[in-house]
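# Notes for the structure review
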Amino acid sequence: MITWKGRGIFSILILFVTGIGAISLFIDHIDRSVFSSVFILSGIATWGLGKEWSSKPEHLLIERETEKKIISGRDHSLYNIKVEYLGILEVILGIAVLFTPILE
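As a starting point, this report considers the structure included with it. Just so you know, these numbers come straight off a predicted model, no measurement behind them.

How each quantity is defined
Residues numbered from 1 in each chain as written. Predicted model: local features only at pLDDT ≥ 70, side-chain atom pairs only at ≥ 80, totals over all residues. Heavy atoms only, no water. Helix = DSSP H or I, 4+ residues; strand = E, 2+ residues; numbered from the N terminus. Buried < 20%, exposed > 50% of the residue type's maximum accessible area, 1.4 Å probe, protein only. Contact = heavy atoms within 4.5 Å. Areas by Shrake-Rupley, 256 points an atom, 1.4 Å probe, with all protein chains shown as cover. Lys, Arg positive; Asp, Glu negative; His and termini not counted. Charge placed at Lys NZ, Arg CZ, Asp CG, Glu CD. Salt bridge = Lys/Arg side-chain N within 4 Å of Asp/Glu carboxyl O. Phe/Tyr/Trp six-rings, centres within 6.5 Å; stacked < 30°, edge-to-face > 60°.

## What about the overall build of the chain?
- A tally of regular secondary structure across the chain gives 3 helices and 5 strands.
- Walking the chain from its N terminus toward its C terminus, one meets helices and strands in the order β-α-α-β-β-β-β-α.
- Considering only C-alpha atoms, the chain reaches an extent of 60 × 25 × 25 Å along its principal axes.
- Looking at the chain as a whole, 25% of its 104 residues are labelled buried.
- In the chain, the share of contacts with a sequence separation of at least 24, taken over all contacts with a separation of at least 6, comes to 68%.
- Approximately 7,500 Å² of the chain is accessible, and the part contributed by carbon and sulfur atoms is 67%.
- Across the chain, the 10 positively charged side chains and the 11 negatively charged ones have centroids separated by 8 Å.

## Structural notes on the pattern of salt bridges
- Tallying each qualifying case throughout the model produces 1 salt bridge.
- In this structure, K5 and D75 form a salt bridge, with 3.6 Å as the shortest nitrogen-oxygen distance. Placement of the pair is K5 in strand β1 (residues 4-5) and D75 in the loop between β3 (69-72) and β4 (77-78), with a sequence separation of 70 residues.
- Using a relative accessible area of 39% as the deciding quantity, one classes K5 as partly exposed.

## Here we look at the packing of aromatic side chains
- By the definition in use, this model includes 1 aromatic pair.
- The interplanar angle of 55° and the centroid separation of 5.9 Å between the aromatic rings of F10 and W53 together place this pair among those described as tilted. Residue F10 is located in helix α1 (residues 10-25), and its partner W53 is located in helix α2 (residues 32-55); the two are separated by 43 residues in the primary sequence.
- On the basis of relative accessibility, which here comes to 39%, the residue F10 falls in the partly exposed class.
- On the basis of relative accessible area, W53 is assigned to the buried category, the value being 12%.

Quick look at the structure:
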C-alpha cells in the first residue's frame, strides 16, 4: 500500500516516466549508466518540484457548518518522507548504481 500526502505520488510517477523515456531512447544499449542517469535526472526533477511545492504558502480553509479549520498546502510526502528528500535519495541511488558493478 502506497501512502502519500499532497503531491507525493508524483515522485514515483516522475521516476517511472523518466525510466520509460530512457528505455525507449536507449533500447539497444541499456547498461548501468542508463539506470544511473534515470535516477539522477528524476532525482533532480523531484527535488526541484519538492522545493517549489514546499515554498508555497499554506491555505486556511474553514467549513461553514462546523467552523472547523483545515490547513492545506505544504505537506507533500511519500511514506512520510518529504518529496525534496526523496529527490536527494534518488540522486544518491543513481550515483551508487553508477559506481557499483552489479549490472555488467
